[in-house]
Amino acid sequence: MLGGQLISVLRREIVEEGDEKGVNSMGIRFVLLVNKQGQTRLAQYYAEHLTLDERRALEGEIVRKCLARTEQQCSFVEHRNYKIVYRRYASLFFLVGVDNDENELAILEFIHLFVETMDRHFGNVCELDIMFHLEKAHFMLEEMVMNGCIVETSKSNILAPIQLMEKAS
Amino acid sequence: MNPFSSGTRLRDMIKAIRACKTAAEERAVVRKECAAIRSSISENDQDYSHRNIAKLMFIHMLGYPTHFGQMECLKLIASAGFPEKRIGYLGLMLLLDERQEVLMLVTNSLKQDLGHTNQYIVGLALCALGNICSAEMARDLAPEVERLLLTRDPNIKKKAALCSIRIIRKVPDLAENFLSPATSLLKEKHHGVLIAGVQLCTDLCKVSEDASNHLRKNCTEGLVRILKDICNSPYAPEYDIAGITDPFLHIRVLRLLRMLGHGDADTSEYINDILAQVASKTESNKNAGNAILYECVETIMGIEATSGLRVLAINILGRFLSNRDNNIRYVALNMLMKAISVDSQAVQRHRTTILECVKDSDASIRKRALELVFLLVNDTNAKPLTKELVDYLEVSDQDFKGDLTSKICSIIEKFSQEKKWYIDQMVKVLSLAGNYVKDNVWHALIVAISNAPDLQGYSVRSLYKAFQLSSEQVSLVQVTIWCIGEYGEMLVNNVGVLQVEEPMTVTESDAVDVLESCLTHHSTDITTQSMCLIALLKLSSRFPPSSGRVKEIITTHIGSVVLELQQRAIEFNSIIQRHQNIKSSLVERMPVLDESTFISKRAGSSQANISTEKSNQQLPSGASLKLSNGVAKPAASPLVDLLDLSLDDTPVPTSTSNDFLHDLLDVGLTNSSSSASGTDILMDLLSIGTPVQSNTTPENGSSIKGFNDILPIAKPNTATVQVVDLLDGLASNGSHPGAQSPVHPSIIAYQSSTLKITFSFTKQPDKPQVTQIHATFMNLSSEAYTDFIFQAAVPKFIQLHLDPANSNHLPASGNGRITQTFTITNTQHGQKPLAMRIRIAYKVSNQERLEQGQINNFPPGL
């Protein structure tokens, strides 16, 4: 137990030190799907453990910030100590929280890849598909991102395990 | 039964939740559902457990507590079937986090699944481990993950690689175990494995210097080959995005190359060619291509690139900057911030474009551009840039004005070479956005005007003109009022007219009009109104013909409901009525405000507390009224911030200094015979400040109690005598509350087993803020001290001036003394008690010793 504490102390030091050098940089911190009304439709946080209240506050804040922006404005919003890269598809907003040194344009591309993957699976994906098949949306995301890092970018590779399972059942 | 299509009840629940019209209805539905799930769990209903978890995931997403489902997830994970495991792991990742003990229970299941024969089950376990593992789990399961890195299946390999990232972040010592498997991942063909491997290498570089040296030596070539292959590869439908093969892999490789090339000339040279190829060949008409170019530019900026390559990079940024897509312009601005440290000349070339971006309609772009402009300002371009920004201030959004104003003000302050320019620009900013100007900024302006005798007339005239046009900007109004009060006659008599000025005639009554209109305007705040009253009083002496009118105006405020204004009005009224003979000397012009004091004060309190700034500003003006010609302020002596103690806001030590207090207690406890517990003493110590402060009222009982509380710290035998002294002093103090110059008793400021310091105090009756302290040092040990140095630190509201000590040699056993005198100025005299931290360094038979202490027992009234 004591060992554990020591390690956690050590780790904290490393993390704090690392913040400057970017050791602690996670890449993607969270992926959030929100509809036009600001209701959360999917939320996945990486390495960031928020309590329910913190989560609600955070989601409220960023949704208010992003939804108020017009089409012409750029897709990046700085919030607290990180950035939000967002993209709108019809009534759905895809919001991805990333570290400041992350490539924003690549994240835009990643959002598009996620949407295309869901499109291929559901066929013209809409908000209801994601609501009623929340677990599948999560499975796809899980195949694409692990611990905030992108792990797979080929749509067929992402969908293979999901399709395999559907066939089996 | 299929868990993913049998969700009829899940569907029903979602429908029910969607049908809710109010938040209260939704809560009711969720509560009902949760109750049903709980009872289903307690009945151990296996058939429904996966569906329950799916529901809980939805409920969790809506932001309701779902902790009761955690054990159910563990059960599902432990079951044999893939679908159950799958939903179980997903639930685990969403509903749990590493702080929960439940996680300990899952380690065993994870270990079993990592060794499973089915690759999909192994993949699930890796994914879960990669997302949620704690440091303990990382240590337990690292060998399994290492083993999986070497399997043949690419799907397992890529997940194992990302899982390793989590492990080495949690336990950096394990990094070396992963070094050689990570290196071999870079030789793979599968893009998923490559991207995961590259990211693992990047993280290895971050945690260990050895790893980055190893990778630099062994992997640079491989990475360059990967980049070459994907650059030149023919159409690959699987990974193609807008005609570019796998931009994500491109970006990750470029990022790793940046880490390897950073600060290493050989590696940088080696990758120069490929970077040039990527930078020149990548298509820039699609977002994916721009993402690669953006990353490539960052890498070029981050390594020891050749100048040709850097020019290429800056040109790409120039192209980005003129792009119509706001996203591209945003990243260009972002990147130029980093480029400025590499090649500021090249960035300067884009200044006009960047300046245009400050005026963009998009807040994100404006913010970036403004920060960049701020970095671009130098002595040569400060004037035109300031002009542009000030011009824009007029039309900018309300939300943006705050940021813009503070940046403009700091540019003006930082780069003003001539005072006239500074005053001109400040007046402009004040009249355009005076409501956004921070208090310390306009205070600085007043200080500057007071220090420029030849520009005072000009300043007050331009302020008067500006005021006529924009009287709703609070800080402009305040500066104008102050200047009219001080330099009113220069306004009316046109003193010191500069050649560039347009002649203007202002009568005495015009000047009084300004003050009267401010005083009576409905939106004026109390501070401004008080300033108006002072200015009016000053004008009544400068403009004798108008004094009748001034008196009338002041009289109307005698009945003001605001205490501050009422008091001022009554005081000023009696000055006008009864003290005509001394009035002119009372309201003389303020002595020149000391610029260096102000600047050091401002720098010292970076979180510029408005209230203290205000009192700083008003204290001298108040003093000038009462003490005829103000108090000459000694220049601030550089504070030796020994222990970084800030007593600014609280007279008692704050919680941050608790550790230090414990140290102090240790010293005290070894000497004291009392068996009081540590916390009691701490409480006593903390309460010292309070009784000392309230000492002016003759409540001897409480004061004595306060001083008795100090007793445990001091050595009993000497302290008793000392306390009697103290009380004597207090008693005399208490019985003569009206005494002219109180005699302050001397104190034992510090005592340890080796050293005793006594302070005695003298004060000049006309300067209550200034105290002279004579410190006497006595050696209580049996060995002589050499190289004796005494240092002291005081809170920011106190100024300290140390005179040299009479000796640095202190003979043993109290056979000799060192004395040292120092002067203390308490700028918050009467509000805050003195406090001091001390450090004494000396050598005993050539060995260095250090003692530290805190003095809180200063007699009251210093």
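All values derive from a computational prediction rather than experimental measurement. (Residues numbered from 1 in each chain as written. Chains lettered and ligands numbered in written order. Predicted model: local features only at pLDDT ≥ 70, side-chain atom pairs only at ≥ 80, totals over all residues. Heavy atoms only, no water.)

(A) Spatial organisation of the overall build of chain A. Helix and strand content of chain A: six helices and seven strands. Helices and strands in chain A line up, N terminus first, as α-β-β-α-β-β-β-α-α-α-β-β-α. In chain A, buried positions account for 59% of the 169 residues. Residue pairs in contact within chain A that sit at least 24 positions apart in sequence constitute 48% of those at least 6 positions apart. For chain A, the accessible surface area stands at approximately 6,900 Å², while carbon and sulfur atoms represent 50% of it. (Helix = DSSP H or I, 4+ residues; strand = E, 2+ residues; numbered from the N terminus. Buried < 20%, exposed > 50% of the residue type's maximum accessible area, 1.4 Å probe, protein only. Contact = heavy atoms within 4.5 Å. Areas by Shrake-Rupley, 256 points an atom, 1.4 Å probe, with all protein chains shown as cover.)

(B) Highlighting the overall build of chain B. When helices and strands are counted, chain B shows 38 helices and 10 strands. When the 862 residues of chain B are sorted by exposure, 53% land in the buried category. Taking the intrachain contacts of chain B between residues at least 6 apart in sequence as the baseline, contacts between residues at least 24 apart amount to 67%. Carbon together with sulfur atoms contributes 52% to the accessible area of chain B, which is approximately 38,100 Å² in total.

(C) Examining the sheet that holds strand β9 (residues 836–844) of chain B more closely. Residue and element names in this part refer to chain B. Taken in spatial order, the three strands line up as β6-β9-β10 in an open sheet, and their pairing is antiparallel. Since the sheet does not close on itself, it has two edges, and those belong to β6 (785–793) and β10 (847–855), each with one partner. This sheet shows a mean twist of 15° between the axes of neighbouring strands, independent of strand direction. The pairing of β9 with β10 spans nine bridges and is antiparallel. The residue bridging I838 from the neighbouring strand is G853, located in β10. (Pairing = 2+ DSSP bridges. Axes fitted to C-alpha atoms, helices over the stretch in contact; angles between N-to-C directions.)

(D) Molecular detail of the interface of chain A and chain B. Counting from both sides, the interface comprises 63 residues of chain A and, opposite them, 73 residues of chain B. Approximately 6,500 Å² of surface area, both sides summed, lies buried where chain A meets chain B, with 56% of it carried by carbon and sulfur atoms. For the pair chain A and chain B, the number of links is eight salt bridges. Its residues assigned to classes, the side of chain A that touches chain B shows 30 nonpolar, 17 polar and 16 charged. (Buried area = accessible area lost by both parts, 1.4 Å probe. Salt bridge = Lys/Arg side-chain N within 4 Å of Asp/Glu carboxyl O. Nonpolar A, V, L, I, M, F, W, Y, C, P; charged D, E, K, R; others polar.)

(E) View of the packing of helix α23 (residues 419–433) of chain B against helix α25 (residues 456–469) of chain B. Residues and elements named next belong to chain B. Running from N to C, α23 and α25 point in directions that differ by 20°, and their axes come no closer than 10 Å. When the interaxial angle is binned, α23 and α25 end up roughly parallel. At the point where α23 passes α25, the crossing takes the right-handed sense. The segment α23 lies against α25, with K420, I423, D424, V427 and S431 engaging Y458, S459, S462, L463 and A466. Considered class by class, the residues forming the contact of α23 with α25 number five nonpolar, three polar and two charged. (Parallel < 35°, antiparallel > 145°, perpendicular 65-115°, else oblique. Left-handed = near helix turned anticlockwise from the far one by under 90°.)

(F) Main features of the side chain of D203 of chain B. All names here are of chain B. Considering the arrangement of structural elements, one finds D203 in helix α11 (residues 191–207). According to the relative accessible area criterion, D203 is buried, its value standing at 5%. The contact partners of D203, leaving out residues within four places of it in the chain, are I165, I168 and R169.

(G) Just the environment of S134 of chain B, in detail. Residue and element names in this part refer to chain B. You can see S134 is positioned in the loop between α7 (119–132) and α8 (135–149). On the basis of relative accessibility, which here comes to 9%, the residue S134 falls in the buried class. When the C-alpha atoms of S134 and R169 are compared, they prove to be 10.0 Å apart, with 35 residues separating the residues in sequence.

(H) Representation of unusual backbone geometry within the structure. The phi dihedral of A90 of chain A falls on the positive side, at around 50°, and the residue is not glycine. Within the element layout of this structure, A90 of chain A appears in the loop between β4 (82–89) and β5 (92–98).

(I) Examining the side chain of S208 of chain B more closely. Among the secondary structure elements, S208 of chain B is positioned in the loop between α11 and α12 (209–232). Within the structure, S208 of chain B has its side chain in polar contact with the backbone nitrogen of D210 of chain B (distance 3.3 Å). (Polar contact = N/O pair within 3.5 Å; in protein donor to acceptor, adjacent residues only side chain to side chain.)

(J) Summary view of the pattern of salt bridges. Scanning the entire structure with this criterion turns up 41 salt bridges over all chains. Residue E102 of chain A pairs with R252 of chain B through a salt bridge whose shortest N-O separation is 2.8 Å. Placement of E102 of chain A in the loop between β5 and α3 (104–122) and of R252 of chain B in helix α13 (residues 247–261) is noted, with the two residues assigned to different chains. Overall, E102 of chain A belongs to the buried group, its relative accessible area being 3%. Here D203 of chain B makes a salt bridge to R169 of chain B, at a shortest N to O gap of 2.7 Å. Within this pair, whereas D203 of chain B is found in helix α11, its partner R169 of chain B is found in helix α9 (residues 154–170), the two being separated by 34 residues in sequence. Judged on exposure class, the residue D203 of chain B and its partner R169 of chain B are both buried. Salt bridges linked by common partners bring E102 of chain A together with R252, R255, R258, E295, E298 and K338 of chain B together as one network.

(K) Region of the structure containing the confidence of the model for chain B. Residue and element names in this part refer to chain B. Residues with a pLDDT of 70 or more make up 82% of chain B, whose mean pLDDT is 79. Under a pLDDT of 50 for its full length, residues 1–7 has, in the predicted model, 12 contacts with residues more than four places off or in other chains. ipTM for the predicted complex: 0.86, alongside a pTM of 0.66. (pLDDT = per-residue confidence, 0-100.)

(L) Spotlight on the nonpolar core. In terms of nonpolar packing, the biggest core is built from 264 residues, with I28 of chain A together with I354 of chain B touching the most fellow members. If we skip the residues at most four places from it in the chain, I28 of chain A touches Y46, V96, G97, V98, I107, F110, V145, G148 and I150 of chain A. Counting 31 residues, the second largest nonpolar core, distinct from the first, contains L755, F759, F797 and M836 of chain B. (Core = buried A, V, L, I, M, F, W, Y, C linked by side-chain atoms within 4.5 Å.)

(M) Representation of the pairing of strand β1 (residues 28–35) of chain A. Residue and element names in this part refer to chain A. Across the eight residues that make up β1, a large majority, eight, are buried. Alignment of β1 against β5, held across seven bridges, turns out to be antiparallel. Across the sheet, residue L32 finds its bridge partner in β5, namely L95. Bridge analysis of β1 against strand β2 (residues 40–45) gives five bridges, and the strand direction is antiparallel. Bridging across to β2, L33 finds its partner in L42. The turn linking β1 back onto β2 is made up of four residues, and G38 within it adopts a positive phi angle of 90°.

(N) The arrangement of the packing of aromatic side chains in detail. For the coordinates displayed, the defined rule picks out 13 aromatic pairs over all chains. Taken together, a centroid distance of 6.0 Å and an interplanar angle of 75° make the contact between W482 of chain B and Y487 of chain B edge-to-face. Aromatic ring contacts, followed pair by pair, group F759, F777, Y785, F788, F790, F822 and Y842 of chain B into a single cluster. In this structure, R86 of chain B is placed above the aromatic ring of F139 of chain A, and the distance from its NZ or CZ to the ring centre is 4.0 Å. (Phe/Tyr/Trp six-rings, centres within 6.5 Å; stacked < 30°, edge-to-face > 60°. Lys NZ or Arg CZ within 6 Å of the ring centre and 35° of its normal.)

(O) Representation of the environment of T267 of chain B. Residues and elements named next belong to chain B. By secondary structure assignment, the location of T267 is in helix α14 (residues 265–281). Judged by its relative accessible area of 7%, T267 is buried. When the C-alpha atoms of T267 and I303 are compared, they prove to be 8.8 Å apart, with 36 residues separating the residues in sequence. Once residues lying within four places of it in the same chain are set aside, the contact partners of T267 are R216, T220, L260 and G261.

(P) Quick peek at the packing of helix α26 (residues 474–493) of chain B against helix α28 (residues 526–542) of chain B. Residue and element names in this part refer to chain B. Their axes nearest at 8 Å, the elements α26 and α28 cross at an angle of 15°. The pairing of α26 with α28 is recorded here as roughly parallel in orientation. Crossing handedness for the pair α26 and α28: left-handed. Where α26 abuts α28, its residues V474, V477, Q478, I481, W482, I484, G485, E486, Y487, G488 and E489 lie against T527, T528, M531, C532, A535, K538, L539 and R542.

(Q) Seen up close, the sheet that holds strand β4 (residues 755–762) of chain B. Residues and elements named next belong to chain B. The five strands lie next to each other as β3-β4-β5-β8-β7, forming an open sheet whose pairing is antiparallel. The sheet is open, and its two borders are formed by β3 (747–751) and β7 (798–802), each paired with just one other strand. For this sheet, the mean inter-axis angle between neighbouring strands, taken without regard to orientation, is 25°. Relative to strand β8 (residues 817–826), strand β5 (residues 770–779) runs antiparallel, the two sharing nine bridges.

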